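Here is how the chains run, residue by residue.
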Amino acid sequence: TDSYPMSLGEMINLYKNNEIFINPDFQRYYRWTPHQKTKFVESILLGIPTPSIFVYQREDGIWELVDGLQRISTILEFTGNLRNQDGEVKPPLILEGTKMVPGLKGIVWEETEDNTLTLPDPLKLHFKRSKIKIEIIQKESDINAKFEVFERLNTGGSFLSFQEVRNCLLIMVNKDVYNWLCKLAKNQDFQDCLSITDRLLQERYDMELALRYLAITHFPLYRRDVNEYLTDSLMEISKNIDFNLEGEKLKFDKIFNLLNLAAGDGTFKKFDGSRFKGKFLESAYEAITVGLFENFDQWDHEDVNLLRSKIEKMWIEEDFTSNSGSGSNAQTRIPRLIPFGQNYFRHE
């Protein structure tokens, strides 16, 4: 890597001249609140040091943003330069008042018809001359370096969920596989079976579950941390040219169509003897999906009643119940549930 401080004015000009690239697919993860954006602008105006920005220098010399989306996007939005995913300039940020500088309320960079509270020219100069440290991953580095940097900076108590970080990594590694995984997660039968909250959907938990299905049906866990296991599995899929994306999609579609017909949104909930109730359970998801995958050729649409019965009776199987529940540890649970599901869902 190389590093040096750069003025915000220089950074803005690089963006305007298309010399720094922010992947449009990352824009969906720019979701700081107006308060968070204002606090960051306030920090710059007060001269408070800010963390480094990481960029990857491509072969053509263009810098590709690796880490710092929220900060760079806020700077560009405040100064009226940020473009959306369609390339259109977004409306400039209107600041909020803060505890230390309540006078920021209603301030904009340039005067508009609706707002005359503009940042004074001396403060504009101060803002543009403020420095931010740029860490540059050189083009001579292994291409995987930018993925490694992004993952390490954005996991462990980060603003993004683990799956959102994986999605960003996958966009960098293999955009086609990213689009393929998105299509799996959007499958209506799959969505109907999940019954998860809007918050989890926003954090792309549905994509994580589609990935979890792929991971447990193709790759051993080896007692790794589950998030590391899912990331490694996704990278393996993205780099393996022999991985049959179309064939796997056909299997995925059929399995979740059968499950939706059999039990709908109760598929992965606890069965109490009379009905499915409660919340989505990962343990049920793992046992059922790996079982149907392993015995894929044995199940068809005329078997949906039998399939529902198998799912209901699964909840009195000691090998399953002893490893299920929200408190179960995935590292020990998954290696036990995989052989259970493979055996239990054999068509008899």
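All values derive from a computational prediction rather than experimental measurement.

Undergrad: Just checking my understanding: could you explain the overall build of the protein chain for this structure?
TA: Across its full length, the protein chain holds 16 helices and 7 strands. Evaluated residue by residue, the protein chain yields a buried proportion of 50% over its 348 residues. In the protein chain, the proportion of contacts linking residues at least 24 apart, taken out of those at least 6 apart, comes to 69%. With an accessible surface of roughly 17,100 Å², the protein chain has 48% of that area assigned to carbon and sulfur atoms.

Undergrad: Just checking my understanding: could you explain the environment of V226 for this structure?
TA: Structurally, the position occupied by V226 is in helix α11 (residues 226–239). With 105 residues separating them in the primary sequence, V226 and D121 have C-alpha atoms 52 Å apart. Among all residues touching V226, those that are not within four sequence positions of it are R212, A330, Q331 and I334.

Undergrad: Looking at this structure, how should I read the pattern of salt bridges?
TA: Close approach of charged atoms allows side chains with opposite charge to pair. One pass over the full model with this rule turns up 18 salt bridges. As a salt-bridge pair, R58 and D60 come within 2.9 Å of each other at their nearest N and O atoms. The exposure class of R58 is partly exposed, given its relative accessible area of 24%. Put simply, R166, E208, R212, E282, E286 and R333 are held in one network by salt bridges that share partners.

Undergrad: So what exactly am I meant to see when it comes to the packing of aromatic side chains here?
TA: Ring pairs (aromatic) are described by centroid distance and by the angle formed between their planes. A full pass over the atoms with the stated rule returns 23 aromatic pairs. Measuring from ring centre to ring centre gives 5.4 Å for F78 and F127, while their planes differ by 65 degrees; the resulting arrangement is edge-to-face. Taken together, the positions of F78 in helix α3 (residues 69–78) and F127 in helix α4 (residues 121–129) put the pair 49 residues apart, joining distant regions of the chain. Across this residue pair, the class does not change: F78 and F127 are buried. Note on Y205 and F280: the rings are 6.1 Å apart at their centroids and 90 degrees apart in plane angle, and the pair reads as edge-to-face. Within this pair, whereas Y205 is found in helix α10 (residues 205–218), its partner F280 is found in the loop between β7 (276–277) and α13 (282–294), the two being separated by 75 residues in sequence. Looking at F280, the relative accessible area reads 10%, which means it is buried. Put simply, the rings of F190, Y205, Y213, F252, F256, F268, F280, Y285 and F293 pair up and form one aromatic cluster.

Undergrad: So what exactly am I meant to see when it comes to the pairing of strand β5 (residues 131–137) here?
TA: On a regular strand, each side chain points to the face opposite its neighbour's, so the side chains alternate between the two faces of the sheet. For β5, a buried count of 5 out of 7 residues is recorded, marking the element as mostly surrounded by other parts of the structure. Pairing between strand β1 (residues 2–7) and β5: 6 bridges, direction antiparallel. Considered in β5, the bridge of M6 is made with I132. Where strand β3 (residues 53–57) meets β5, 4 bridges bridge the pair, whose relative direction is parallel. Among the inter-strand pairings, V55 is bridged to a residue of β5, identified as I136.

Rules and cut-offs
Residues numbered from 1 in each chain as written. Predicted model: local features only at pLDDT ≥ 70, side-chain atom pairs only at ≥ 80, totals over all residues. Heavy atoms only, no water. Helix = DSSP H or I, 4+ residues; strand = E, 2+ residues; numbered from the N terminus. Buried < 20%, exposed > 50% of the residue type's maximum accessible area, 1.4 Å probe, protein only. Contact = heavy atoms within 4.5 Å. Areas by Shrake-Rupley, 256 points an atom, 1.4 Å probe, with all protein chains shown as cover. Salt bridge = Lys/Arg side-chain N within 4 Å of Asp/Glu carboxyl O. Phe/Tyr/Trp six-rings, centres within 6.5 Å; stacked < 30°, edge-to-face > 60°. Pairing = 2+ DSSP bridges.

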